[in-house]
Amino acid sequence: MRRGSYEAALRGVRGLAALAPELLPRAAATVRENLKTAFGEADGRLARAVFRHFGEAAVDLLFYRRLFDPARFPEHFRFEGGALEHYRSTRPEGAVFVTGHFGNWELFGAAFRHVGIPIAPVARPVPGPAGRWLHRFRRSQGQEVIDKDDALPLAMKALRAGRCVAFLMDQAAGRHGAPVPFFGRPAWTFTAPAALALKLGVPLYAGYSTRLGDGIRYRCFAERVPVEGDAEALTARLNAILEGYVRARPEQWWWFHRRFKPPRSLREP
């Protein structure tokens, strides 16, 4: 029954994704604008694939607790990249983990519980019933959520308590960030993750999940990033890592956000 409901939900979101550009014209316009900025053109098929992917990812999240089987963990999540082995071998007293709105970041965070890494994601509260559901889901997966509005002192506290603080760093930072290259253009990016790793001398990891197919199947790639240079140079390295993922699977990145917008003070009147 639950598998049948899951498959029906996937069919539903796939049908809606085909109509999404007409049903959600403002969101579709933002996707096309971002695709043109990044790739020089806005491919209509790719735009529809973006809607399809995030519909599928949302269904995976909603059905996760019903379909996920801890005994079949390697079938659900395939960890690669060496970060997990490094963490287990060194057991650092705190670590910074950088990811983004790629693949399925919520399920990537849930997977950490099953590999023995205590994770504390930095997130802005989502209003309404959906936000309350999401908060309960994160807590049920052993995550100590840090409010983004008070992130710095809480993140430092969590790091000193030995937790892995996770940042979604691919949103426009405005005046709080630095203009760091992303797809060959300046993209105002939060430098806090890099600055924390440099200040506290803790390991820095970057990783992203990629949806492989139906039934909660994800590739989770995470690598150790050398903590060197200054915060802006290190942030540029993190942006380059994300860009590589987006170029490989562009339909799995969150193009709905105006990532390339400059701070308000630099916009034309």
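Residues numbered from 1 in each chain as written. Predicted model: local features only at pLDDT ≥ 70, side-chain atom pairs only at ≥ 80, totals over all residues. Heavy atoms only, no water.

Some points on the side chain of histidine 53
Okay, step 1: Topologically, histidine 53 is positioned in helix H3 (residues 44-67).
Okay, step 2: Setting aside residues up to four positions removed in sequence, histidine 53 forms contacts with Gly103, Arg211, Glu251 and Gln252. (Helix = DSSP H or I, 4+ residues; strand = E, 2+ residues; numbered from the N terminus. Contact = heavy atoms within 4.5 Å.)

Looking at the nonpolar core
Soluble globular proteins tend to bury their nonpolar side chains together.
Okay, step 1: In terms of nonpolar packing, the biggest core is built from 48 residues, with Val96, Ile146, Val165, Leu204 and Trp255 touching the most fellow members.
Okay, step 2: In terms of residues, this core owes the most to one element, helix H10 (residues 231-248), which gives seven residues.
Okay, step 3: Setting aside residues up to four positions removed in sequence, valine 165 forms contacts with Ala95, Val96, Phe97, Ala120, Val122, Ile146, Ala155, Ala158 and Leu159.
Okay, step 4: Counting residues in hydrophobic clusters, the runner-up holds 33 residues, among them Ala83, Phe108, Ile216 and Cys220. (Core = buried A, V, L, I, M, F, W, Y, C linked by side-chain atoms within 4.5 Å. Buried < 20%, exposed > 50% of the residue type's maximum accessible area, 1.4 Å probe, protein only.)

Here's the deal with the pairing of strand E3 (residues 119-123)
Okay, step 1: With five of its five residues buried, E3 lies for the most part within the structure.
Okay, step 2: Side-chain alternation along E3 places Ile119, Pro121 and Ala123 on one buried face and Ala120 and Val122 on a second face that is also buried.
Okay, step 3: Sheet analysis places E3 next to strand E5 (residues 164-168), joined by three bridges and oriented parallel. Each residue of the ladder has a partner; that of alanine 120, found in E5, is valine 165.
Okay, step 4: Two elements, E3 and strand E4 (residues 146-147), share two bridges in a ladder whose sense is parallel. Directly across from valine 122, in E4, lies its bridge partner isoleucine 146. (Pairing = 2+ DSSP bridges.)

So, the pairing of strand E8 (residues 204-213)
Okay, step 1: Counting buried positions along E8 gives nine out of 10 residues, so the element sits mostly inside the fold.
Okay, step 2: Examined bridge by bridge, strand E2 (residues 95-99) and E8 share three bridges and lie parallel to one another. Paired with valine 98 across the bridge in E8 is alanine 206.
Okay, step 3: Between E8 and strand E9 (residues 217-225), which pair antiparallel one after the other, the connecting turn spans three residues, and glycine 215 there sits at a positive phi close to 90 degrees.

Concerning the packing of aromatic side chains
Okay, step 1: The tally for this structure, following the rule as stated, stands at 32 aromatic pairs.
Okay, step 2: Consider the rings of tryptophan 105 and tryptophan 254, whose centres lie 6.0 Å apart with planes at 85 degrees: the pair is edge-to-face. Taken as a pair, tryptophan 105 in helix H6 (residues 105-112) and tryptophan 254 in the segment after H10 lie far apart in primary sequence, 149 residues in all.
Okay, step 3: Its relative accessible area of 21% is what places tryptophan 105 among the partly exposed residues.
Okay, step 4: Taken together through their ring pairs, the aromatic side chains of Tyr64, Phe68, Phe73, Phe77, Phe79, Phe97, Phe108, Phe112, Trp133, Phe137 and Tyr218 make up a single cluster. (Phe/Tyr/Trp six-rings, centres within 6.5 Å; stacked < 30°, edge-to-face > 60°.)

A few points about the packing of helix H9 (residues 192-200) against H10
Okay, step 1: For the pair H9 and H10, the least separation of the axes is 8 Å and the interaxial angle reads 125 degrees. With respect to H10, the element H9 is oriented oblique. Taken as a pair, H9 and H10 cross one another with a handedness that is right-handed. The residues of H10 that touch H9, namely those facing Ala194, Ala195 and Leu198, are Ala231, Leu234 and Thr235.
Okay, step 2: For the contact of H9 with H10, the residue count by class is five nonpolar, one polar and no charged. (Axes fitted to C-alpha atoms, helices over the stretch in contact; angles between N-to-C directions. Parallel < 35°, antiparallel > 145°, perpendicular 65-115°, else oblique. Left-handed = near helix turned anticlockwise from the far one by under 90°. Nonpolar A, V, L, I, M, F, W, Y, C, P; charged D, E, K, R; others polar.)

Here we look at the side chain of arginine 163
Okay, step 1: Topologically, arginine 163 is positioned in the loop between helix H8 (151-160) and E5.
Okay, step 2: We classify arginine 163 as buried; its relative accessible area is 17%.
Okay, step 3: Looking at arginine 163, its side chain comes within polar contact range of the main-chain oxygen of isoleucine 119, at 3.1 Å.
Okay, step 4: At 3.4 Å, the side chain of arginine 163 forms a polar contact with the backbone oxygen of glycine 142.
Okay, step 5: Setting aside residues no more than four positions away along its own chain, arginine 163 makes contact with Gly94, Ala95, Pro118, Ile119, Ala120, Gly142, Gln143, Glu144 and Ala158. (Polar contact = N/O pair within 3.5 Å; in protein donor to acceptor, adjacent residues only side chain to side chain.)

Description of unusual backbone geometry
Okay, step 1: Of note in this structure, arginine 91 is not a glycine but carries a positive phi near 45 degrees.
Okay, step 2: Mapped onto the elements of the fold, arginine 91 is located in the loop between helix H5 (83-90) and E2.
Okay, step 3: Classification of arginine 91 by relative accessible area gives partly exposed; the value is 48%.
Okay, step 4: Here the phi dihedral of phenylalanine 183 falls at roughly 55 degrees; this positive angle occurs in a residue that is not glycine.
Okay, step 5: Structurally, phenylalanine 183 can be placed in the loop between strand E6 (178-182) and strand E7 (185-189).
Okay, step 6: Judged by its relative accessible area of 6%, phenylalanine 183 falls in the buried class.

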